Amino acid sequence: MGEVEAHSTISAGIKNMTEATTINRPAAAAQTAPLLNVRNIEVVYDKVILVLRGLSLEVPKGAIVALLGANGAGKSTTLKAISGLLKTEDGEVIRGEILFDGERINGIDPDKIVRRGIFQVMEGRRIIADMTSIENLKLGAFTRTDKEIADDIDMVFRYFPRLKERTGLAGYLSGGEQQMLAIGRALMARPKVILMDEPSMGLSPLLVKEVFSIIKEINRDLGVTILLVEQNARAALSVASHGYIMEQGKVVLDGTAGELRDNEDVKEFYLGGAGDQRKSFKNLKSFKRRKRWL
Ligand SMILES: Nc1ncnc2c1ncn2[C@@H]1O[C@H](COP(=O)(O)OP(=O)(O)OP(=O)(O)O)[C@@H](O)[C@H]1O
Ligand SMILES: [Mg+2]
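Fair warning: this is a prediction, and the values are worked out from it, not measured in the lab.

Caption draft 1: Local environment of helix α7 (residues 149–159). Considered for burial, the residues of α7 that qualify are D152, I153, M155 and V156. Looking down the long axis of α7, one finds its buried residues gathered within 155 degrees of arc, a one-sided arrangement. Of the exposed residues in α7, those oriented more than 90 degrees away from the buried face are A150 and R158.

Here it is in structure tokens:
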């Protein structure tokens, strides 16, 4: 789907969008070059702290891809490398490359990356507490000059009806509502790709279900490609078509969501609630590290 077509589809509202769905199915997209292609990147913070050590992943157009891993694995760093936000934390991609639609984007300023169509929903929501929902949503449209911003605010309210009812300051929204607002703000940029950092964080199981089913709808209706970082592997693999598992700055396993769900090691360490007791995935004897990226 072309950019113009995608945008008119968004503003046409969710009711008329079912036709667009089939065009963007991951299966069809997988045959072409990935929309987002991260190739063997190394990232350092403060010039010295090496955090990503040759990380590679691919996100096909129209897909939801999950990036899973324990605390400190480097998931957020990966998203910030893609969105350019690393720069704001004195981080840098020192090796490898990040291709978006075939063009290299590492080193580009974050606002220019937003203009190209990649929008990151940061961990911990980061909405502006002393603004209303509508004001927060308008912030998401900062790159736009068209006249359809009001239509898109209505569209966000159709996905998240409870946001419309809460007319006060966003700081008084519940955790789940703030997460919805953060996702809605991303939609306001009319992105091609949304990078989501732990949308399940701090939400009750019921709300996780609700938010993830809306994430799925957004992907299906609008054709927005989603790279989804999660510690909640079960929730992420319920909506993703493909997943990557990372440890200590590298991908240690990847596969279709079904393959990962059925993988005994993934079950034990990421789906079984082993919690803090979990051993290092890469030290498992049964685990065969894939070499294809190296
Ligand atoms: N701004 C920074 N400066 C220096 N080191 C950082 C910075 N941000 C992250 N790190 C380090 O990089 C590593 C990876 O952090 P990152 O936040 O990417 O992990 P994560 O997988 O997102 O973890 P979590 O699940 O806890 O969010 C950690 O060791 C962290 O301490
Ligand atoms: Mg993180």
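Caption draft 2: Summary view of the sheet that holds strand β2 (residues 49–59). The 4 strands lie next to each other as β2-β1-β4-β5, forming an open sheet whose pairing is antiparallel. Each of the sheet's edge strands pairs with one partner strand only, and the pair in question is β2 and β5 (103–104). As paired strands, strand β4 (residues 91–100) and β5 are joined by 2 bridges and run antiparallel to one another. Within β5, the position partnered with F100 by the bridge is E103.

Caption draft 3: Just the environment of V156, in detail. As for its position among the elements, V156 is in helix α7. In sequence terms V156 and G184 are 28 residues apart; their C-alpha atoms lie 5.5 Å from each other. Other than its neighbours up to four places away in sequence, V156 contacts L137, G184, L187 and M188.

Caption draft 4: Spatial organisation of the pairing of β2. Pairing analysis gives 8 bridges linking strand β1 (residues 36–45) to β2, with the strands arranged antiparallel. Along β2, the bridge assignment pairs V44 with L50. The hairpin formed by β1 and β2 contains 3 residues between the paired strands, and D46 there has a positive phi angle of roughly 50 degrees.

Rules of the game
- Residues numbered from 1 in each chain as written.
- Chains lettered and ligands numbered in written order.
- Predicted model: local features only at pLDDT ≥ 70, side-chain atom pairs only at ≥ 80, totals over all residues.
- Buried ≥ 20, exposed ≤ 12 C-beta atoms within 10 Å, placed from the backbone.
- Helix = DSSP H or I, 4+ residues; strand = E, 2+ residues; numbered from the N terminus.
- Arc of directions from axis to C-beta.
- Pairing = 2+ DSSP bridges.
- Contact = placed C-beta atoms within 7 Å.

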